[in-house]
There are 2 protein chains.
Amino acid sequence: MSKKLLGIDLGGTSVKFGILTLDGQVQEKWAIETNILEDGKHIVPDIIASIKHRLELYGLSNDDFAGIGMGSPGAVDRTQKTVTGAFNLNWAETQEVGAAIEAELGIPFAIDNDANVAALGERWVGAGDNNPDVVFVTLGTGVGGGIIADGSLIHGVAGAGGEIGHIIVEPEEGFDCTCGNKGCLETVASATGVVRLGRLLAENYEGPSAIKAAIDNGDSVTSKDVFTAAAAGDKFADSVVEKVGFYLGLATANISNILNPDSVIVGGGVSAAGEFLRSRIENYFQKFAFPQVKKSTKIKIAELGNDAGIIGAASLARQFIEE
Amino acid sequence: MSKKLLGIDLGGTSVKFGILTLDGQVQEKWAIETNILEDGKHIVPDIIASIKHRLELYGLSNDDFAGIGMGSPGAVDRTQKTVTGAFNLNWAETQEVGAAIEAELGIPFAIDNDANVAALGERWVGAGDNNPDVVFVTLGTGVGGGIIADGSLIHGVAGAGGEIGHIIVEPEEGFDCTCGNKGCLETVASATGVVRLGRLLAENYEGPSAIKAAIDNGDSVTSKDVFTAAAAGDKFADSVVEKVGFYLGLATANISNILNPDSVIVGGGVSAAGEFLRSRIENYFQKFAFPQVKKSTKIKIAELGNDAGIIGAASLARQFIEE
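In this text the structure is predicted, and so the values were computed from the model without any measurement.

Novice: So what's going on with the overall build of chain A? Residues and values would help.
Specialist: Within chain A, the regular secondary structure consists of twelve helices and twelve strands. For a compact globule of 323 residues, the expected C-alpha radius of gyration is about 20 Å, and chain A comes in at 21 Å, within 12% of that figure. Projected onto its principal axes, the C-alpha positions of chain A cover 65 × 45 × 35 Å. Taken over 323 residues, chain A has a buried fraction of 57%. Within chain A, contacts between residues at least 6 apart in sequence are counted, and of these 61% link residues at least 24 apart. The positive charge centre, built from 25 side chains, and the negative charge centre, built from 42, are 5 Å apart in chain A.

Novice: Kindly report on the interface of chain A and chain B, identifying the contributing residues and their values.
Specialist: At the junction of the two partners, chain A supplies 44 residues and chain B supplies 44 residues. Of the roughly 3500 Å² buried between chain A and chain B, counting both surfaces, carbon and sulfur atoms make up 61%. Among the residues chain A hides against chain B, the three largest losses belong to Val157(A), Ile258(A) and Phe290(A). Together they make up 18% of the total. At the surface where chain A touches chain B, the tally comes to zero salt bridges. Taken together, chain A and chain B are joined by 22 residue pairs in polar contact (both at pLDDT 80 or more). Those elements that provide at least two residues to the side of chain A that touches chain B are strand E9 (143–149), strand E10 (152–153), helix H9 (235–259), helix H10 (275–288) and helix H11 (291–296) of chain A. Broken down by element, the residue count for the side of chain A that touches chain B peaks at eight residues, all from H9(A). Residue classes in the side of chain A that touches chain B are distributed as 23 nonpolar, 13 polar and eight charged.

Novice: So what's going on with the sheet that holds strand E8 (residues 134–139) of chain B? Which residues, and what values?
Specialist: All names here are of chain B. Pairing is mixed across the open sheet formed by five strands, whose spatial order is E10-E9-E8-E11-E12. Both edges of this open sheet fall to strand E10 (152–153) and strand E12 (298–301), since each of them pairs with a single strand only. Pairing analysis gives six bridges linking E8 to strand E9 (residues 143–149), with the strands arranged antiparallel. Counted as the bridge partner of Leu139 is Val143 from E9. Of the strands in this sheet, E8, E9, E10 and strand E11 (263–267) are in contact with helix H4 (residues 114–125), which crosses E9 at around 55°.

Novice: A description of the packing of aromatic side chains should follow, citing residues and the corresponding values.
Specialist: Residue and element names in this part refer to chain A. One pass over the full model with this rule turns up twelve aromatic pairs over all chains. Joined through ring pairs, the aromatic side chains of Phe246, Tyr247, Tyr284 and Phe288 make up one cluster. Over the face of the ring belonging to Phe175 we find Arg196, whose NZ or CZ atom lies 5.8 Å from the ring centre.

Novice: I'd like a rundown of the pairing of strand E11 (residues 263–267) of chain A, residues and numbers included.
Specialist: Residues and elements named next belong to chain A. Most of E11 sits inside the fold, with five of its five residues counted as buried. Direction of pairing for strand E8 (residues 134–139) relative to E11: parallel, over a ladder of five bridges. When the bridges of E11 are listed, Val134 appears paired with Ser263. As paired strands, E11 and strand E12 (residues 298–301) are joined by four bridges and run parallel to one another. Its bridge partner being in E12, Ser263 is matched across the sheet by Lys298.

Novice: Give me the lowdown on the relation of the copies chain A and chain B, citing residues and values where you can.
Specialist: Between chain A and chain B, the superposition needs a rotation of 180° and an axial shift of 0.0 Å, giving an RMSD of 0.1 Å. In the structure described here, the two chain copies are related by an operation that fits a two-fold rotation axis. A high fraction, 100%, of the interface residues of chain A reappear at the interface in chain B, so the copies pair face to face through one surface.

Novice: Describe the nonpolar core, with residues and values.
Specialist: Residues Leu259(A) and Leu259(B) are the most contacted members of the largest nonpolar core, which totals 111 residues. With sequence-adjacent residues up to four places away left out, Leu259(B) is seen in contact with Ile147(A), Ile154(A), Gly156(A), Gly161(A), Ile258(A), Leu259(A), Val135(B) and Ile147(B).

Novice: Describe the pairing of E8(A), naming the residues involved and giving the relevant values.
Specialist: It is a general feature of regular strands that their side chains alternate between the two faces of the sheet. Residue and element names in this part refer to chain A. Counting buried positions over the six residues of E8 gives six, a clear majority of the element. Burial along E8 is two-sided: Val134, Phe136 and Thr138 and Val135, Val137 and Leu139, pointing in opposite directions, are all buried. Hairpin connection of E8 to E9: three residues between the antiparallel strands.

Novice: Pulling in residues and values, what's your account of unusual backbone geometry?
Specialist: Positive phi values are uncommon outside glycine, yet Asn260(A) reaches one of about 45°. For Asn260(A), the position within the fold is in the loop between H9 and E11.

Novice: Describe the packing of helix H9 (residues 235–259) of chain B against helix H10 (residues 275–288) of chain B, listing the residues and the values that go with them.
Specialist: Residues and elements named next belong to chain B. For the pair H9 and H10, interaxial distance at closest approach is 7 Å and the crossing angle is 50°. Judged on the interaxial angle alone, H10 and H9 are oblique. As for the relative orientation of H9 and H10, their crossing is right-handed in sense. The residue makeup of the contact of H9 with H10, split by class, is twelve nonpolar, five polar and three charged.

Novice: So what's going on with the confidence of the model for chain A? Which residues, and what values?
Specialist: With 99% of its residues at a pLDDT of 70 or more, chain A has an overall mean of 95. Two numbers describe this predicted complex: its pTM, 0.94, and its ipTM, 0.93.

Novice: How would you sum up the environment of Val221(A)? Please name residues and give values.
Specialist: All names here are of chain A. Tracing the chain through its elements places Val221 in the loop between helix H7 (210–217) and helix H8 (223–231). Residue classification places Val221 among the buried positions, given a relative accessible area of 14%. Taking the C-alpha atoms as reference, Val221 lies 21 Å from Tyr247; in sequence the two are 26 residues apart. Apart from the residues within four sequence positions on either side, Val221 is in contact with Val195, Ile211, Ala214, Ile215 and Val226.

Novice: Talk me through the side chain of Asn260(B); I want residue IDs and the actual numbers.
Specialist: You can call Asn260(B) buried: its relative accessible area is 0%. One polar contact links the side chain of Asn260(B) to the main-chain amide nitrogen of Ala158(A), over a distance of 2.9 Å. Discounting chain neighbours no more than four positions away, the residues touching Asn260(B) are His155(A), Gly156(A), Val157(A), Ala158(A), Gly159(A), Ala160(A), Gly161(A), Ile255(B), Val293(B), Ser296(B) and Thr297(B).

So, how was this worked out
- Residues numbered from 1 in each chain as written.
- Chains lettered and ligands numbered in written order.
- Predicted model: local features only at pLDDT ≥ 70, side-chain atom pairs only at ≥ 80, totals over all residues.
- Heavy atoms only, no water.
- Helix = DSSP H or I, 4+ residues; strand = E, 2+ residues; numbered from the N terminus.
- Rg over C-alpha atoms; globule rule 2.2 N^0.38 Å.
- Buried < 20%, exposed > 50% of the residue type's maximum accessible area, 1.4 Å probe, protein only.
- Contact = heavy atoms within 4.5 Å.
- Lys, Arg positive; Asp, Glu negative; His and termini not counted.
- Charge placed at Lys NZ, Arg CZ, Asp CG, Glu CD.
- Buried area = accessible area lost by both parts, 1.4 Å probe.
- Salt bridge = Lys/Arg side-chain N within 4 Å of Asp/Glu carboxyl O.
- Polar contact = N/O pair within 3.5 Å; in protein donor to acceptor, adjacent residues only side chain to side chain.
- Nonpolar A, V, L, I, M, F, W, Y, C, P; charged D, E, K, R; others polar.
- Pairing = 2+ DSSP bridges.
- Axes fitted to C-alpha atoms, helices over the stretch in contact; angles between N-to-C directions.
- Phe/Tyr/Trp six-rings, centres within 6.5 Å; stacked < 30°, edge-to-face > 60°.
- Lys NZ or Arg CZ within 6 Å of the ring centre and 35° of its normal.
- Least-squares fit on C-alpha atoms with pLDDT ≥ 70 in both.
- Core = buried A, V, L, I, M, F, W, Y, C linked by side-chain atoms within 4.5 Å.
- Parallel < 35°, antiparallel > 145°, perpendicular 65-115°, else oblique.
- Left-handed = near helix turned anticlockwise from the far one by under 90°.
- pLDDT = per-residue confidence, 0-100.

Set out below in structure tokens:
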């Protein structure tokens, strides 16, 4: 019988698990709550216990698995298989994640950064069509990403490769970013960034708009509210979406002028706006991309949703498949 | 006896040749004029004749070589080993460069784009310290480059990877670029771009400046003149260099936020300004790079000068070394 892969997507609120075939089909998936109490010391034991429980339930043993892969927040050491500084897990100190999981489960283990892992997932069985050159941008609470070039995930010299959210798109008068710089893509294209941009544009917008009124009133407005209003014909909201499209078109064109990937895949919560957002990005991408790049690099919306994490994590374990 | 590598740097005015050791030391080098007459049909025969002549002169035979590598302008098909559309060679039609050279010399042959090849050279034995993640930017008549990420030269899906000159640095009011877009890095950081930027800044500069006076008079001013004047204390020229540094700092920071290379190496004629230019780029790079990237990616000036081409070309032939 062909072996299976196990993918783990570790997040601040839940840990998602998937059992996959070697060609990336999800056979089983489940999730547990992330218990970040007591410096997150329960997280790894909880993961191990959950896997043991499920393997028993499904009548599987460690011999049925080629390997386990995990995506994690924080700074991941892929060689030591450790995680440091994952503050949403209360993991300030270095965690020996790989050593613990390999010792308890007897299955080879690999780990990488969560945004990189989601990129691998979308590239493998999602919108990336398993192409060797794919860029993934995730628009959520922050803006992250992963770069696959010539078949390799690009980590760079210090592991900061793929910091797409920190591409500077407004060098002169940008918003302050949490990273300490100004004008980063994240400040205008994350969920909060879209609203921040709306607040700026509201200052000079004249004309009726329920979204502008809500922003000016100090009401709670989400990026989803902005996209919904724009799609329903609110001209102010539409101007905000247009500007988000400008920034994302500029950033994806510049990434593509450097790497000429087969596709730039846009995922994360904000990408739920789908074609409405994609077409705006595409318009500006076409304006800013080099002629050969315009013709060859595609802008796509992600296809895997939340499963990108477990699928990409499982793909990390493909290195353990014995020919 | 250990085998050797032969590197060929094909350009519009000359063809440069180098015989190198397997670890990248240049043992012999020579050059011939590029004869672009009659649709450039003499170029490949001239290259073959020159190599045959030199091998005889040095008492070497095809058995002494692991392989030949070449860097060429135009659109290179690495698999077919052909070149198309190299207009400065009068090669509009596809040229069977590899087939001709392999048939006549009996040595395995590899070919890539000239900017990519120069990147490989600087990475191998120049400023790149043979690191797996290196970006090369060449500032000359145009602005080109090459990206080496995770040890691979990045070509992208249609071979347009590394079009660093066409990163957009002025999305709103940039100069027209030969590529058809506006605001490309090449429009402000190539040799002509520096002068074009000077002409724009001269419109609003008040104060004494020999360079501004020359520009306003319509005299012939080169980028070298601008750098020389700036270094000698001309405040207007200094403001031009500062702005060039801003654009190059922005572009190199954004490349590095995406790829986190060990170094971004700046070469080409404009880089002759050396540390005077590098330090300006570095200042803006520090402003625009993500914190981890600031600390780990270095901005360097190229070390190999004109030899980058033959050395990088020779490095393409390392794939033929038998273990």
